[in-house]
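Close look at the chain arrangement
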Amino acid sequence: MKVRISFVLLLLLLASAALTLRFMPFDYASQDRTATMAAASAEHPAGTDALGRDRVVRVSAALLIGIGGAVGAAGITTMIAAAFGLLAAFSPAPAAALLLFVSDAFLSVPWLFLLMIARSLLPLTASPLATAVTTFLVLAFLGWPAFGRAVYGGTRSMLSAEWMIQGRATGLRDGQLIRLHLLPHLSSFLVPQFLICVPAFIVAEANLGALGLGVGEPMPSWGGMLLELENSAMIARSHWVYLPIALLVVVLLILESFTTEVKSHA
Amino acid sequence: MRFPAEIAARMTRTLLLMAVAAAGTILLVRFAPGFFSDPREMDAKYAAAARAEMWADSSQRSIASIAVQTVSGWRRGDFGESRQFGVPVSELVRARIRVSALLLAEGLGAGWLFALCAAVPVSAMRRGQALCGLPFTILLAIPTAAMATACILSEQGGPVLVFSLVIAAREFKFLRALLESAWSAPHVLWGRAQGMPVLTLMRFHIVPNAAPRLFPLVTLSIVTALGVLVPIEVMFTVPGIGQLAWAALMNRDLPVLVATSLLMASAVGVAGVFSTGARALEDA
């Protein structure tokens, strides 16, 4: 029941964000220089930022970009982790040890620190779309090691299951065993991991963005919008400046409820 | 015999991983845009001379020569010379490591205390657990950078508070789950049914059962704390290792970056060795 309410809430948020972008007369980059740092009005329901850009439109775009990017990155991470775990589990012992060492190498440095190193050493002065893609790809390609190790552990324990032994005895090849037996069993494990990755990636993007390493301007993102909070003049003028962080917390709480529910059923 | 062998294996693995972390950092920085830039190029007075010098140095920009320079810096014990500050890296690190270590210790201590103080009573509750845990769930949903910004704007708290909130939000969830499973153990339920006082149950059953499982959690806490060290130190302008790493990243200061990556990797490794050692001692 709780998860259904959360799901409906998330859909409502996404739909309202999409409708806002469709029907508002501004796009996220258009500037109204006569109304910079404006308070809420009929024209700008949540006011404008320092460049006169409509806050509702920008928050809506940030919501869609943030969730879309995080879901895409979590999907890539899940695929990489599943491929890594299965490959290591089906490899001979020395190759498996080498693969696990590679994942340990990624885990030997704290994740957020590694993300910052990787992101800051990639081009920062690219087009906004390129920076958005780069940021989420960095998250995707650095998010898999712990997850991959867990898939490896799960697969190893399944290899000795009776249904696997029977599958082998009936002459199924490794690919068929993976497709017909392992992946369906691993899905109860992969889906919660995917759901854990989505909010983790949203938070990571927000942290990167707040340090200027996230999505480039004028494309809105959670991290970029958090930077607005550093403008004390803007905060003094309007409380709507807290809208992005409030919405971010709501979205993360909704996603957290999915994770809790799915984990309790796994 | 098993205990020293496990520790030795873990130490060897940690050293190997540190070498891989250093090699990875060298590779990333070497191919990063801006690595070959020199601030003197911006000044017309120096531009021609700087370009000529860079041209002459180009043979020393290969990955192999960078690796050799890095290793020779380690052998000298100064970790090479900072490209940005022009002083030995060891000097820079030495001046900042105490600040970061103190911040980490205070943040971790306060965070764990906060999480334990909340998790112990909440785990013993029969109703209203979700409601009591809600503040921690909300804290978990707030990015570190936003927490730091809120502290700066309200002029309340500081880096230690943000550290402790990040740690507490994360550890509360695990601690609550751990303590809940301890409370629902059959012998504890029997003790409760017999009317044994809560403090006696805690002392003789809950704490001894949960304590060994806390070591991996502490390790994870240290890794989390190291991860958020950079944003917290940058936002609060704390002159620590995180801020040094940030400046090195922005200025493509390879020797400093390799040293800070090694420090991070060694801290994670030592935390892992500590966890392994605690588990091995417990098994013994």
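All of the points below concern the structure found in this document. Model, not experiment: these values are computed from the prediction. (Residues numbered from 1 in each chain as written. Chains lettered and ligands numbered in written order. Predicted model: local features only at pLDDT ≥ 70, side-chain atom pairs only at ≥ 80, totals over all residues. Heavy atoms only, no water.)

Description of the overall build of chain A
Along the backbone of chain A there are eleven helices and zero strands. Along its sequence from the N terminus, chain A presents helices and strands in the succession α-α-α-α-α-α-α-α-α-α-α. Seen through its C-alpha atoms, chain A measures out along the principal axes to roughly 75 × 45 × 25 Å. Burial status across chain A gives 51% buried among its 266 residues. By sequence separation, contacts in chain A at least 24 residues apart represent 70% of the contacts at least 6 residues apart. In chain A, 15 side chains carry a positive charge and 14 a negative one; their mean positions are 8 Å apart. (Helix = DSSP H or I, 4+ residues; strand = E, 2+ residues; numbered from the N terminus. Buried < 20%, exposed > 50% of the residue type's maximum accessible area, 1.4 Å probe, protein only. Contact = heavy atoms within 4.5 Å. Lys, Arg positive; Asp, Glu negative; His and termini not counted. Charge placed at Lys NZ, Arg CZ, Asp CG, Glu CD.)

As for the side chain of A:Thr155
All names here are of chain A. Structurally, the position occupied by Thr155 is in helix α6 (residues 145-159). For Thr155, the side chain forms a polar contact with the main-chain oxygen of Val151, separated by 2.6 Å. Apart from the residues within four sequence positions on either side, Thr155 is in contact with Gly85, Leu86, Ala89, Phe90, Leu182 and Leu186. (Polar contact = N/O pair within 3.5 Å; in protein donor to acceptor, adjacent residues only side chain to side chain.)

Remarks on the interface of chain A and chain B
Listed as interface residues are 33 residues of chain A and, on the opposing side, 39 residues of chain B. When chain A packs against chain B, close to 3,100 Å² is buried across both sides, 79% of that on carbon and sulfur atoms. The largest share of the area that chain A buries against chain B comes from A:Phe101, A:Phe113 and A:Leu121, three residues that together contribute 22% of it. Inspection of the chain A/chain B interface yields two salt bridges. (Buried area = accessible area lost by both parts, 1.4 Å probe. Salt bridge = Lys/Arg side-chain N within 4 Å of Asp/Glu carboxyl O.)

Here's the deal with the packing of aromatic side chains
Residue and element names in this part refer to chain A. Counted according to the given criterion, the structure contains six aromatic pairs over all chains. Ring plane angle 50 degrees and centroid distance 4.9 Å describe the contact between Phe84 and Trp144, whose orientation is recorded as tilted. With a gap of 60 residues between them, Phe84 in helix α2 (residues 55-90) and Trp144 in the loop between α5 (128-142) and α6 connect regions that are remote in the sequence. For Phe84, a relative accessible area of 8% puts it in the buried group. For Trp144, a relative accessible area of 9% puts it in the buried group. (Phe/Tyr/Trp six-rings, centres within 6.5 Å; stacked < 30°, edge-to-face > 60°.)

With respect to the environment of B:Ala271
The topology assignment puts B:Ala271 in helix α12 (residues 254-283). Taking the C-alpha atoms as reference points, B:Ala271 and B:Val238, separated by 33 residues in sequence, lie 24 Å from one another.

Section: the pattern of salt bridges
Two side chains that carry opposite charge are able to pair once their charged atoms sit near each other. Under the criterion given, the structure shown has eleven salt bridges over all chains. A salt bridge links A:Glu217 to A:Arg58, with the nearest nitrogen and oxygen atoms 3.6 Å apart. Note that A:Glu217 is positioned in the loop between α8 (174-210) and α9 (222-226) and A:Arg58 in helix α2, a separation of 159 residues in sequence. Residue A:Glu217 is classed as partly exposed on the basis of its relative accessible area of 48%. Close ionic contact of B:Arg13 with A:Asp104 constitutes a salt bridge, the shortest N to O distance being 2.4 Å.

Brief notes about the packing of helix α6 (residues 144-154) of chain B against helix α10 (residues 214-235) of chain B
Residue and element names in this part refer to chain B. Close contact between α6 and α10 brings their axes to 10 Å; oriented N to C, the two are set at 25 degrees. With respect to their mutual orientation, α6 and α10 come out roughly parallel. In terms of crossing hand, the pair formed by α6 and α10 is right-handed. Taking contact as the criterion, the partners of Thr144, Ala145, Ala148, Thr149 and Ile152 in α6 are, on α10, Val228, Ile232 and Met235. Split into classes, the residues belonging to the contact of α6 with α10 amount to six nonpolar, two polar and no charged. (Axes fitted to C-alpha atoms, helices over the stretch in contact; angles between N-to-C directions. Parallel < 35°, antiparallel > 145°, perpendicular 65-115°, else oblique. Left-handed = near helix turned anticlockwise from the far one by under 90°. Nonpolar A, V, L, I, M, F, W, Y, C, P; charged D, E, K, R; others polar.)

Digging into the environment of A:Val71
All names here are of chain A. Here Val71 is to be found in helix α2. Judged by relative accessible area, which is 35%, Val71 ranks as partly exposed. Taking the C-alpha atoms as reference points, Val71 and Val198, separated by 127 residues in sequence, lie 5.6 Å from one another. Val71 has contacts with Phe194 and Val198, leaving out every residue within four places of it along the chain.

Brief notes about the environment of B:Ala177
Residues and elements named next belong to chain B. Looking at the secondary structure, you find Ala177 in helix α7 (residues 159-183). Note on Ala177: relative accessible area 45%, which makes it partly exposed. Sequence separation between Ala177 and Ser123 is 54 residues; the distance between their C-alpha atoms is 7.6 Å.

Quick notes on the side chain of A:Glu256
Examined against the element boundaries, A:Glu256 turns out to sit in helix α11 (residues 243-265). A distance of 3.2 Å separates the side chain of A:Glu256 from the side chain of B:Lys173, its partner in a polar contact. Among all residues touching A:Glu256, those that are not within four sequence positions of it are B:Thr137 and B:Lys173.

Some details on the nonpolar core
Of all hydrophobic cores here, the largest spans 147 residues; its most connected members are A:Leu63, A:Leu115, A:Met116, A:Ile202 and B:Phe163. It is α8(A) that provides the largest number of residues to this core, a total of 15 residues. In contact with A:Ile202, other than residues within four places in its own chain, are A:Gly66, A:Ile67, A:Ala70, A:Trp222, A:Leu248, A:Val251, A:Leu252 and A:Leu255. (Core = buried A, V, L, I, M, F, W, Y, C linked by side-chain atoms within 4.5 Å.)

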